[in-house]
2 protein chains.
Amino acid sequence: MDDAFRFIRACRREPVDRVPVWLMRQAGRYLPEYRELRKEHSIIEICHSPELAARVTLQPLERFDLDAAILFADILLPLEGFGIDFEFASGEGPVIANPIRSPEDIDALQGFDPERKLGYVGDAVREIREALAGRVPLIGFAAAPFTLASYMVEGGSSRRYLYVKSLMYTHPQAWERLMRVVREVTRDYLAAQIEAGAQAVQLFDSWAGCLSPVDYRDFVLPHSSWVLEGLNAYGVPRIHFGTDTATLLGAMKEAGGEVIGVDWRIPIDQARRVIGPDFAVQGNLDPAALFAPKPALAARVNEILSAADAMRGFIFNLGHGVWPETPPDAVQTVVETVHAFQTPSDRRAGA
Amino acid sequence: MDDAFRFIRACRREPVDRVPVWLMRQAGRYLPEYRELRKEHSIIEICHSPELAARVTLQPLERFDLDAAILFADILLPLEGFGIDFEFASGEGPVIANPIRSPEDIDALQGFDPERKLGYVGDAVREIREALAGRVPLIGFAAAPFTLASYMVEGGSSRRYLYVKSLMYTHPQAWERLMRVVREVTRDYLAAQIEAGAQAVQLFDSWAGCLSPVDYRDFVLPHSSWVLEGLNAYGVPRIHFGTDTATLLGAMKEAGGEVIGVDWRIPIDQARRVIGPDFAVQGNLDPAALFAPKPALAARVNEILSAADAMRGFIFNLGHGVWPETPPDAVQTVVETVHAFQTPSDRRAGA
């Protein structure tokens, strides 16, 4: 087997020589070399420059033996194409100046061609693929329609999702129109990444966990499904991820993807039972665990690996992105511990 | 049966004439008469004045046919007893000036006698009981040890719980000491409320849902259990509530209480199956649903009632507190819809 592609093999539920591992937000704020670059360039400047985006994407791979690269980009880049202004308030996350709040705002919204307006992302993908030279596969990504629409409506991240839920409940037809515009851009954006060379894609429905299962089915599932279905013909693995989804997993797998990503709130063995044998699973260490002392951290990684039936159809990851305050040594501990893992039967066979 | 006490009967899983309903934060910010009072008095002033606290507690009962009153108090009042300063930053929730961050901070922490330092809460309970004159029962409450300790460590509400999880993982023995101090105050505080006249209590573990089930069992369950067990002899119903607890319900019922409160992320029938026949269940409408048009809101209430086997061992509530922006009319719709609910067998019997 091609060891460099154990991540892809795991997505396809083929046997692997060792458990593949990558971490959401592995490129970024917790790395001193990234923070160094940020002194010179804003996040948006890095995203807009294929050369800088490629450099940042590769930074963690120079430190750690990761099994996949993930494109450095911001999930809100499509907002530029919609003509929605946003900026990164320091320590606050993105803030949108002119959020979408009414049916009239939605009717005024125009779709766009991501290949034309976000072409720099495709350029970054090509540049990263060239730099990787087949070392590991490259994952592209986008926000799922609900998560992107939530940002557009809330104007930033939210604890309560008051505006987006009010809109859904009060103007269900306007919500449907909004989701149809957003889903088309999302599918085309992911398709463009795949055509530029992304070897897998992850659909981040990070905020879907604020919804009841009924609301997820009514207001979200058909649109995520439409995006994932629209990428089917490319044959690349699709990871469908959300946080706080313990009660949504049945609906999420129905929406599609080869791999379902889960957070730490659900024990990994329970997640695998719920998700069933037809899907690979990715997860699910609490990003907070990287603040534990090394032996406790390694023990937590091993607990997940032991419970996960990890040698087939499993990709080790966190349950959410790496936090900016994370010590890089902890990432090293995670990667080493995952790669050192052997199942009892491996050990007996001396594998 | 005593109709005024259908809430207590439901807690005890006795048959009721109609489904009892109350709403977390039913007294407070969404009511114009409360906002009027707030022009003259700060939140803390209201809490400190038994007369004002009683007046605010009763405000929603003058508008709506609710089946229980809940003491108006802030879950952070015990911080005063610990000598921890906090204030309500506008629109931000409570902010603590000197959070507990290190084992040394924990060692410096002294327990206290809630009856002496929070005696005004007992006075409020007595005043409310007198004003209620047996109309409906009064619920007392406190933050669960984890939720109170989270505030103490984080310094306010949090999305990530970085500091509290780091402390737990890095200094488990200091964490244990912190929880032992906090749990003793929590038990004594609830006991004092019961002795003053509270006819039920709710333990709010609002933030426990940020934890994996393993962490909940290791770091939280024994302390919540200690509090609940310590109130056993009073014989009043104990409601054990958290949000985001779909994967924690087994452990939460093990920790104790007669009633388990759940949020909207888990379908109510699934919650009742997981929690089993030995507990009553309280929940679980999304507070966002109160922003839906009246027919959609009523339909959502009825869906929960139909799925919940609601005529025994069920208390209708939201899955979290009423939001400040909520139209009072929506609360009226919820209460009326709950009380109008009849099961198919009730209708056939002409009940």
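Look up: the structure comes first, before these words.
Residues numbered from 1 in each chain as written. Chains lettered and ligands numbered in written order. Predicted model: local features only at pLDDT ≥ 70, side-chain atom pairs only at ≥ 80, totals over all residues.

Q: I'm lost on the overall build of chain A in this one. Help?
A: Within chain A one finds 18 helices and nine strands. Relative to the compact-globule value of 20 Å for 351 residues, chain A shows a C-alpha radius of gyration of 19 Å, a close match. For chain A, the spread of C-alpha atoms along the three principal axes comes to 65 × 45 × 40 Å. The buried share of chain A, taken over its 351 residues, is 53%. At a minimum sequence separation of 6, the contacts of chain A that also span at least 24 residues come to 72%. (Helix = DSSP H or I, 4+ residues; strand = E, 2+ residues; numbered from the N terminus. Rg over C-alpha atoms; globule rule 2.2 N^0.38 Å. Buried ≥ 20, exposed ≤ 12 C-beta atoms within 10 Å, placed from the backbone. Contact = placed C-beta atoms within 7 Å.)

Q: So what exactly am I meant to see when it comes to the pairing of strand β6 (residues 238-241) of chain A here?
A: Two faces, one strand: in a regular strand the side chains alternate between the faces of the sheet. Residues and elements named next belong to chain A. On β6, burial covers both faces: Arg238 and His240 on one face and Ile239 and Phe241 on the other are all buried. Both strand β5 (residues 200-204) and β6 contribute to a ladder of four bridges, which runs parallel. Within β6, the position partnered with valine 201 by the bridge is arginine 238. Examined bridge by bridge, β6 and strand β7 (residues 259-261) share three bridges and lie parallel to one another. Of the residues in β7, the one forming a bridge with histidine 240 is isoleucine 260. In this fold, the crossover linking β6 to β7 by way of helix α14 (residues 249-255) has right-handed handedness. (Pairing = 2+ DSSP bridges. Right-handed = clockwise from strand over helix to strand, strands pointing away.)

Q: How should I be thinking about the nonpolar core in this particular structure?
A: Nonpolar side chains in soluble globular proteins tend to be buried together. Membership of the largest hydrophobic core comes to 248 residues, with the highest contact counts inside it found for Leu71(A), Ile139(A), Val201(A), Leu71(B), Ile139(B) and Val201(B). Setting aside chain neighbours within four positions, we find Val201(A) in contact with Ile139(A), Gly140(A), Phe141(A), Leu190(A), Gln193(A), Ile194(A), Leu231(A), Val236(A) and Arg238(A). (Core = buried A, V, L, I, M, F, W, Y, C linked by C-beta atoms within 7 Å.)

Q: What is the right way to look at the relation of the copies chain A and chain B in this model?
A: Between the two chain copies there is a screw-like relation: a rotation about an axis and a shift along it. You can overlay chain A on chain B at an RMSD of 0.0 Å; the transform is a turn of 180° with a shift of 0.0 Å along its axis. The superposition operator between the copies reduces to a two-fold rotation axis. Using C-alpha coordinates, one finds that chain A approaches the rotation axis most closely at Ala246(A), a distance of 3.4 Å. Looking at chain A, 100% of its interface residues are interface residues in chain B too, so the copies touch through the same face. (Least-squares fit on C-alpha atoms with pLDDT ≥ 70 in both.)

Q: What's the story with the packing of helix α15 (residues 294-307) of chain B against helix α16 (residues 328-340) of chain B in this structure? I'm lost.
A: The description of two packed helices rests on the angle between their axes and on the distance between the axes. All names here are of chain B. Following both chains from N to C, one finds α15 and α16 inclined at 40°, their axes separated by 9 Å at the closest point. In terms of their interaxial angle, α15 and α16 are classed as oblique. Two packed elements cross with a definite hand, and for α15 against α16 that hand is right-handed. Counted together, Lys294, Leu297, Ala298, Val301, Asn302 and Leu305 of α15 and Ala330, Thr333, Val334, Thr337 and Val338 of α16 form the full contact between these two elements. Its residues assigned to classes, the contact of α15 with α16 shows seven nonpolar, three polar and one charged. (Axes fitted to C-alpha atoms, helices over the stretch in contact; angles between N-to-C directions. Parallel < 35°, antiparallel > 145°, perpendicular 65-115°, else oblique. Left-handed = near helix turned anticlockwise from the far one by under 90°. Nonpolar A, V, L, I, M, F, W, Y, C, P; charged D, E, K, R; others polar.)

Q: Got a minute to help me understand the sheet that holds strand β6 (residues 238-241) of chain B in this structure?
A: Within a sheet, each strand pairs with its neighbour through backbone hydrogen bonds, oriented either parallel or antiparallel. All names here are of chain B. Overall, parallel pairing links the seven strands, which are arranged β1-β4-β5-β6-β7-β8-β9 in an open sheet. With one partner strand each, in any of the chains shown, β1 (69-70) and β9 (314-318) form the two edges of the open sheet. Of the strands in this sheet, β1 and β4 (138-143) are in contact with helix α8 (residues 119-132), which crosses β4 at around 155°.

Q: Sorry, what's going on with the packing of helix α9 (residues 145-154) of chain A against helix α11 (residues 172-196) of chain A here?
A: All names here are of chain A. Contact pair α9 / α11: the axes reach a minimum separation of 9 Å and the direction vectors enclose 120°. Accordingly, the angle class assigned to the pair α9 and α11 is oblique. Crossing hand, α9 versus α11: right-handed. In this structure, α9 uses Pro145, Leu148 and Ala149 to contact α11, whose residues at the interface are Leu178, Met179, Val182, Arg183 and Thr186. Of the residues assigned to the contact of α9 with α11, the class counts are six nonpolar, one polar and one charged.

Q: Explain the interface of chain A and chain B to me, please; I cannot follow it from the model alone.
A: The extent of an interface is frequently quoted as the accessible surface area lost upon association of the parts. With 25 residues of chain A in contact, the opposing surface of chain B contributes 25 residues. Here the side of chain A that touches chain B is built from residues that sort into 15 nonpolar, four polar and six charged.

Q: When you look at the sheet that holds strand β1 (residues 69-70) of chain A in this model, what are you seeing that I'm missing?
A: Residues and elements named next belong to chain A. Strands sit in the order β1-β4-β5-β6-β7-β8-β9 across an open sheet of seven strands; the sheet is parallel. Each edge of the sheet is formed by a strand with only one pairing partner; in this case those strands are β1 and β9 (314-318). In terms of strand pairing, strand β8 (residues 280-285) meets β9 through five bridges, oriented parallel. Bridge pairing in β9 links asparagine 284 to asparagine 317.

Q: Any chance you could explain helix α13 (residues 221-229) of chain A here in plain terms?
A: Along an α-helix, residues three or four apart share an orientation, since each turn contains 3.6 residues. Along α13(A), the residues that are buried comprise Leu221(A), His223(A), Ser224(A), Val227(A) and Leu228(A). Taken together, the buried residues of α13(A) touch α9, α11, β5, α12 (213-219), β6 and α14 of chain A.

Q: Explain α8(B) here, please?
A: Residues and elements named next belong to chain B. If you check α8, its first and last C-alpha atoms are 20 Å apart, about what 14 residues at 1.5 Å a residue would give, namely 20 Å. Every buried residue of α8 is listed here: Val121, Gly122, Ala124, Val125, Glu127, Ile128 and Leu132. Residues of α8 that are buried in the fold lie against α4 (50-63), β1, α5 (77-81), α7 (114-117), β4 and α11 (172-196). Phi for alanine 133, located one or two positions after α8, is positive at around 50°. (Expected span 1.5 Å × (residues − 1).)

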